[in-house]
Amino acid sequence: MKRPKLKKASKRMTCHKRYKIQKKVREHHRKLRKEAKKRGRKKPRKDPGVPNSAPFKEALLREAELRKQRLEELKQQQKLDRQKEQDKKRRLETDPAVELCNIEPVKEEFGQCKAKKDKSSKQNPKRLYCQELKKVIEASDVVLEVLDARDPLGCRCPQVEEAIVKGGQKKLVLVLNKSDLVPKENLENWLSYLTKELPTVVFKASTNLKDKGKRIKVKKKAAPFKSEVCVGKEGLWKLLGGFQETYGKAIHVGVIGFPNVGKSSIINSLKQERICNVGVSMGLTRYMQVVPLDKQITIIDCPSFIVSPLNSAIALALRSPASIEVVKPMEAASAILSHADARQVVLKFTVPDFKNSLEFFTSFAQRRGLHQKGGSPNVEGAAKLLWSEWTGASLGYFCHPPTSWTPPHFNESIVTDMKQGVNLEELEKNNAHSIQAIRGPRLASSILFQSSGLTNAVIEEKDIPEELPKQKERKQEERGDYEDVNTDQECVDEEGDEKSSDMFPEEEACEALPEDSQSDKQSAPSFILDKMTEEEDDAYDFSTDYV
């Protein structure tokens, strides 16, 4: 049996090889000397200084010395400013709860951020989200509820819709975002179903915008289904312009929705610049942010809804951001598999047939090259990766709309009032044009998903329980783990023009895992996604299915 190499390889070589290397080095140096001799050596000219016979010599030297000191002080000040800016960014990245209020200066009717840096870090983020949501609803004349086109019914919140209806003369509009991730037939079915209740706009936000102050430039040869092109912007502009003419004054438009539906991305697409903070991790928007689109329309960004713990396991898995909830990756991924079509999941991820979720995670980890110390498959890392891809903006799946169902908080009079002042024929034409411009995935390459229906949310601060110290510590640990996974996943997404986000549930999933597997599981390392080879990245680039 061959002994393993316990030491590094020796650097010893034969004399013939060593002499040959030395000869080559001498020849190279000789060649450099010849070239330098041909060019000629140009010695730097020495500063002659001020001659002794020049008048006011001492004054000139003193002035030169002062100028030199001022330049050095300026360099030092610039260096300190750069260090302070880097420290500030580093603190915001390590502790996002200390982030300052990102509201731009607006009119007094909206108010400004009352909570300072210290108070916002101590306040419960869930209560802060509820406060900001109430501010946005009260200040808005028109409310855009953003829905994920892959599960529109699961992105609707009856409590928020009922509060908007009772709030007076406010208009509610549904926006089907991420419409390029579902087949066109399914998108048309959902559009005809939702239009019966409320005005609905088909939308696809642009995901490749430049920073604030730099306008986006779309290439002439770019196809309409590319990620940098926004679809449905013209229809939404015309709809908001019609509302402004109906009101006869400048209007304020609020954008609300559950996490990871693309609220800030829609605002950036309408503004054509990256003015709102967007990213892979969930819950980046913590305060209301006012963005003027033009002189007559002002749009307001809002934090996400707080999902109620009374929802089903799959609803908690899809709508709970890891930044403010206690996450359970294995149970969240198991809940996803229990509601997805098993045959299509096998074809999509190219894994063998599985009997339970643990068997699927084992095969998925082996397929993606996720291994623990000793070579065993990293089951928990595979669950995190599946969840990151499922909730991101790359994987295509769809749900069938219900045959006949009407929400209890809507009646004929309310539906008529919501559609008043809307040119339905023009809206229908704009939606048809948007669907035609979008190149969605094929029906055979998408995964059929069983929706859990409407998702309940908590909109009252009194309904949010106080967090115990142990829960806070556990939440911080989980948040740190998933920030590492997000960082690795973001690097993979940049290669395939994909985006991902992670959020996990609080309650247990429907399918329980065997007890034997629990003892073998270890915490997933932060570099799990770096082990993917380039061949596997090309084989699992889901964006090629619909782009």
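Values in this document were obtained by computation on a predicted structure and should not be read as measured data.

**Comments concerning the overall build of the protein**
For the protein, the helix and strand inventory stands at 18 helices and 10 strands. Looking at the protein residue by residue over its 547 residues, the buried ones come to 46%. Taking contacts inside the protein between residues at least 6 apart in sequence as the whole, the part at least 24 apart equals 79%. Approximately 31600 Å² of the protein is accessible, and the part contributed by carbon and sulfur atoms is 50%.

**Section: the sheet that holds strand S5 (residues 289–292)**
Pairing is mixed across the open sheet formed by 6 strands, whose spatial order is S3-S2-S1-S4-S6-S5. Of all strands in the sheet, those with a lone pairing partner are strand S3 (200–202) and S5, marking the two edges. Looking at each pair of strands side by side, their axes are set apart by 25 degrees on average, direction ignored. Here 5 bridges tie strand S4 (residues 251–256) to strand S6 (residues 297–301), and the two strands are oriented parallel to one another. Each bridged residue has a counterpart across the sheet, and for glycine 254 the counterpart in S6 is isoleucine 300. The strands touched by helix H5 (residues 158–166) within the sheet are strand S1 (142–148), strand S2 (171–177) and S4, with S2 carrying the most contacts at an inclination of about 145 degrees.

**Quick notes on the packing of aromatic side chains**
Applying the stated criterion to the full structure yields 10 aromatic pairs. With a centroid separation of 5.1 Å and an interplanar angle of 80 degrees, the aromatic rings of phenylalanine 258 and phenylalanine 305 are classed as edge-to-face. Taken as a pair, phenylalanine 258 in the loop between S4 and helix H8 (263–271) and phenylalanine 305 in the loop between S6 and strand S7 (306–307) lie far apart in primary sequence, 47 residues in all. Exposure class is identical for phenylalanine 258 and phenylalanine 305. Each is buried. An aromatic cluster of three or more residues is present, and its members are Phe349, Phe354, Phe360, Phe361 and Phe364.

**Observations concerning helix H6 (residues 184–195)**
The end-to-end C-alpha distance of H6, which contains 12 residues, comes to 16 Å, matching closely the 16 Å that a straight helix rising 1.5 Å per residue would cover. Where H6 is concerned, the buried positions are Asn186, Leu187, Trp190, Leu191, Tyr193 and Leu194. The buried residues of H6 occupy an angular sector of 165 degrees when the element is viewed end-on, so they sit on one face. Those residues of H6 that are buried are in contact with S1, S2, S3, strand S8 (397–398) and helix H15 (424–437).

**Examining a nonpolar patch on the surface**
Together, Met13, Ile21 and Val25 line one region of the surface with nonpolar side chains, adding up to about 240 Å² of accessible area. Topologically, methionine 13 is positioned in the segment before helix H1 (15–39).

**Some points on a positive patch on the surface**
Side chains of Lys20, Lys23, Lys24, Arg26, Arg30, Arg33, Lys34 and Lys38 sit close together on the surface and give a patch of like positive charge. Inspection of the secondary structure puts arginine 33 in helix H1.

**Points about empty space enclosed by the protein**
On inspection of all chains with the given rule, the structure shows 1 cavity of 30 Å³ or more. Of the volumes computed, that of the largest cavity is approximately 70 Å³. Lining the largest cavity are 11 residues, and of these Asp148, Asn260, Leu318, Arg319 and Tyr397 lie nearest its centre. Considered class by class, the residues forming the lining of the largest cavity number 5 nonpolar, 2 polar and 4 charged.

**What to know about the nonpolar core**
Among the nonpolar cores identified, the biggest contains 103 residues, and Phe360, Phe361 and Trp390 are the most heavily contacted of them. With 7 residues, helix H13 (residues 379–391) is the single largest residue contributor to this core. For phenylalanine 361, the contacting residues outside a window of four places in its chain are Met330, Ala333, Ser334, Leu337, Val379, Ala382, Ala383 and Leu386. Counting 5 residues, the second-largest nonpolar core is a separate cluster that includes Cys130, Ile306, Val458 and Ile464.

**What about unusual backbone geometry?**
Positioned with a positive phi, lysine 178 is a non-glycine residue whose angle comes to about 60 degrees. Structurally, lysine 178 can be placed in the loop between S2 and H6. Its identity is not glycine, yet asparagine 260 carries a phi of approximately 65 degrees, on the positive side. Structurally, asparagine 260 can be placed in the loop between S4 and H8.

**Describing the packing of helix H10 (residues 329–339) against helix H12 (residues 357–368)**
At a minimum axis distance of 10 Å, the contact between H10 and H12 shows a crossing angle of 105 degrees. One finds that H10 runs roughly perpendicular with respect to H12. Contact with H10, carried on its side by Met330, Ala333, Ser334 and Leu337, involves Ser357, Phe360 and Phe361 of H12 and no other residues of that element. Considered class by class, the residues forming the contact of H10 with H12 number 5 nonpolar, 2 polar and no charged.

**Some words on the side chain of asparagine 186**
Structurally, asparagine 186 is set in helix H6. Among the residues examined, asparagine 186 registers a relative accessible area of 4% and is labelled buried. In contact with asparagine 186, not counting residues within four places along its chain, are Phe398, Cys399, His400 and Pro401.

**Topic: the pattern of salt bridges**
The full count for this structure, using the stated rule, is 11 salt bridges. Among the ionic pairs, arginine 67 bridges to glutamate 63, the shortest N-O distance being 3.6 Å. Of the two residues, arginine 67 and glutamate 63 are both situated in helix H2 (residues 57–94); the distance of 4 residues between them amounts to about one turn of the helix. The exposure class of arginine 67 is partly exposed, given its relative accessible area of 41%.

Thresholds, definitions, all that
- Residues numbered from 1 in each chain as written.
- Predicted model: local features only at pLDDT ≥ 70, side-chain atom pairs only at ≥ 80, totals over all residues.
- Heavy atoms only, no water.
- Helix = DSSP H or I, 4+ residues; strand = E, 2+ residues; numbered from the N terminus.
- Buried < 20%, exposed > 50% of the residue type's maximum accessible area, 1.4 Å probe, protein only.
- Contact = heavy atoms within 4.5 Å.
- Areas by Shrake-Rupley, 256 points an atom, 1.4 Å probe, with all protein chains shown as cover.
- Pairing = 2+ DSSP bridges.
- Axes fitted to C-alpha atoms, helices over the stretch in contact; angles between N-to-C directions.
- Phe/Tyr/Trp six-rings, centres within 6.5 Å; stacked < 30°, edge-to-face > 60°.
- Expected span 1.5 Å × (residues − 1).
- Arc of directions from axis to C-beta.
- Patch = residues over 30% accessible without salt bridge, like charges linked within 9 Å, V, L, I, M, F, W, Y side chains within 5 Å.
- Salt bridge = Lys/Arg side-chain N within 4 Å of Asp/Glu carboxyl O.
- Lys, Arg positive; Asp, Glu negative; His and termini not counted.
- Charge placed at Lys NZ, Arg CZ, Asp CG, Glu CD.
- 1 Å grid on protein atoms, 1.4 Å probe; cavity = no way out; pocket = protein on both sides within 12 Å on 5 of 7 lines; lining within 4 Å.
- Points joined across faces, edges and corners; volume = space filled by probe spheres on them.
- Nonpolar A, V, L, I, M, F, W, Y, C, P; charged D, E, K, R; others polar.
- Core = buried A, V, L, I, M, F, W, Y, C linked by side-chain atoms within 4.5 Å.
- Parallel < 35°, antiparallel > 145°, perpendicular 65-115°, else oblique.

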